[in-house]
Amino acid sequence: MNTTRRLLTALVLASLAGLGLAGCAAGGSGGAESASGGRAPVQEAASSNEADEPDTAVVITGRISIVADDPIAAAADATSIVSDAGGRVSGRTERAAEDGGQATAELTLRIPADAIEEVRTDLAALGAVKETALESTEVGATQRDLDARITTLRASIARYTDWLGTASETSDLIELESAIAERQSELEGLEAQSRSLEDQVAMSSITLSLMSDYVPVETAPKDFGDALTIGWDGFVAFWGAMLIGIGVALPWLVLLAAIAAVVIWLVIRSRRRQAARPQPPRPAPDAELFAVMDDVPAPH
């Protein structure tokens, strides 16, 4: 059992070393040789041939801006142009003109790379081209690196699967299954990256912006008639706003008037009650004076 574990450990270390070398551009052929045995010379020869060939894997992205009389209709025509070329529209946004503003439409186009120039020429017929910006990015080296890592992982998974069929110890089975699951997860991630890159190479992504001419709104009057019309519109708008303000404030004014009426009524009522209440009689001023004088003793 110890001999089997030592052999298994040595094989795991060898596979890890092969995976690490396969991820490097300079050491890709050496890693493939350690991981797949007799197939390494074939991969090394293929890598040498690919190094001599020009990099034809290119991702094209860009943006085209066009001024059209009717951007909404032009967007429909652009969709037909792209569909006829074998492409598709992956995103679309349209906005109609409001209050003298511009109508706009923006499309995200996926166009076959070999038809990009033909489609660009057809799109230019939709209106006046204001901007064309296309960018090409070479991704051949990235594709080759992904392919080498995928090939190495597949070979590693195949070897681990063979060892799994011959393992007899439970610990060895668990360790092999864990290693296979880890490599399978990594392989699926690399395959997804490879498919995405192939799709970007095959279908270029172009953002098409369509817009109408901007027409500024004229606010200054041209003659006396326009000035009179503008003045009348302002007069009507002012009193219309005043009426709206009065309408909004009217409920509050009624409430305040009612409260003021109640307060005034209470004050008047209180004063009337005080006026109706009987007052004690008061002596006349002369009588009081005489009474005081009578009380004063006469001088001797």
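## With respect to the packing of helix H6 (residues 140–166) against helix H7 (residues 170–202)
At a closest axis distance of 9 Å, the pairing of H6 and H7 adopts a crossing angle of 155°. With respect to their mutual orientation, H6 and H7 come out roughly antiparallel. Seen along the crossing, H6 lies across H7 with a hand that is left-handed. Among the residues forming the contact of H6 with H7, the class breakdown is 15 nonpolar, 7 polar and 8 charged.

## Some details on the sheet that holds strand E2 (residues 88–95)
Within the open sheet, the 5 strands sit side by side as E2-E3-E5-E1-E4. Their pairing is mixed. Each edge of the open sheet is held by one strand with a lone partner, namely E2 and strand E4 (128–138). Sheet twist, expressed as the average angle between the axes of neighbouring strands with direction ignored, equals 10°. Sheet topology places strand E1 (residues 58–67) next to strand E5 (residues 203–211); 7 bridges connect them, and they run parallel. Across the sheet, the residue bridging to Ile66 is Leu210, located in E5. Across the sheet, helix H5 (residues 116–124) touches E1, strand E3 (104–112), E4 and E5, and the angle it forms with E1 is around 5°.

## Here's the deal with the confidence of the model for the protein
Predicted confidence across the protein gives a mean pLDDT of 78, with 71% of residues reaching 70 or more. Within the model, pLDDT remains below 50 along residues 16–52, and this stretch shows 34 contacts once partners closer than five positions in the same chain are excluded.

## Points about the pattern of salt bridges
What the rule picks out here adds up to 6 salt bridges. Among the salt bridges present, the one from Arg120 reaches Glu117, with a minimum N-O distance of 2.8 Å. Within this pair, Arg120 and its partner Glu117 are both found in helix H5, separated by 3 residues, close to a single helical turn. Glu191 is paired through a salt bridge with Arg154; the nearest N and O atoms lie 2.8 Å apart. A residue pair is termed long-range when its members are at least 10 positions apart, and Glu191 in helix H7 and Arg154 in helix H6 qualify at 37 residues.

## Concerning the packing of aromatic side chains
On inspection of all chains with the given rule, the structure shows 4 aromatic pairs. Aromatic side chains Phe238 and Trp239 sit 5.1 Å apart centroid to centroid with 75° between the ring planes, which places their arrangement in the edge-to-face category. The exposure class assigned to Trp239 is partly exposed, which follows from its relative accessible area of 43%. Feature note: the residues Trp232, Phe235, Phe238 and Trp239 constitute an aromatic cluster, connected by ring pairs. In this structure, Arg183 is placed above the aromatic ring of Tyr160, and the distance from its NZ or CZ to the ring centre is 4.6 Å.

## Structural notes on the packing of helix H4 (residues 71–84) against H5
Where H4 contacts H5, the axes come no closer than 10 Å and their chain directions differ by 160°. By the angle between their axes, H4 is roughly antiparallel relative to H5. Where H4 crosses over H5, the two elements pack in a sense that is right-handed. Residues Ala78, Ile81 and Val82 of H4 touch H5, and the partners they reach there are Val119, Asp122 and Leu123. Across the contact of H4 with H5, the residue classes tally to 5 nonpolar, no polar and 1 charged.

What counts and how
- Residues numbered from 1 in each chain as written.
- Predicted model: local features only at pLDDT ≥ 70, side-chain atom pairs only at ≥ 80, totals over all residues.
- Heavy atoms only, no water.
- Axes fitted to C-alpha atoms, helices over the stretch in contact; angles between N-to-C directions.
- Helix = DSSP H or I, 4+ residues; strand = E, 2+ residues; numbered from the N terminus.
- Parallel < 35°, antiparallel > 145°, perpendicular 65-115°, else oblique.
- Left-handed = near helix turned anticlockwise from the far one by under 90°.
- Nonpolar A, V, L, I, M, F, W, Y, C, P; charged D, E, K, R; others polar.
- Pairing = 2+ DSSP bridges.
- Contact = heavy atoms within 4.5 Å.
- pLDDT = per-residue confidence, 0-100.
- Salt bridge = Lys/Arg side-chain N within 4 Å of Asp/Glu carboxyl O.
- Phe/Tyr/Trp six-rings, centres within 6.5 Å; stacked < 30°, edge-to-face > 60°.
- Buried < 20%, exposed > 50% of the residue type's maximum accessible area, 1.4 Å probe, protein only.
- Lys NZ or Arg CZ within 6 Å of the ring centre and 35° of its normal.

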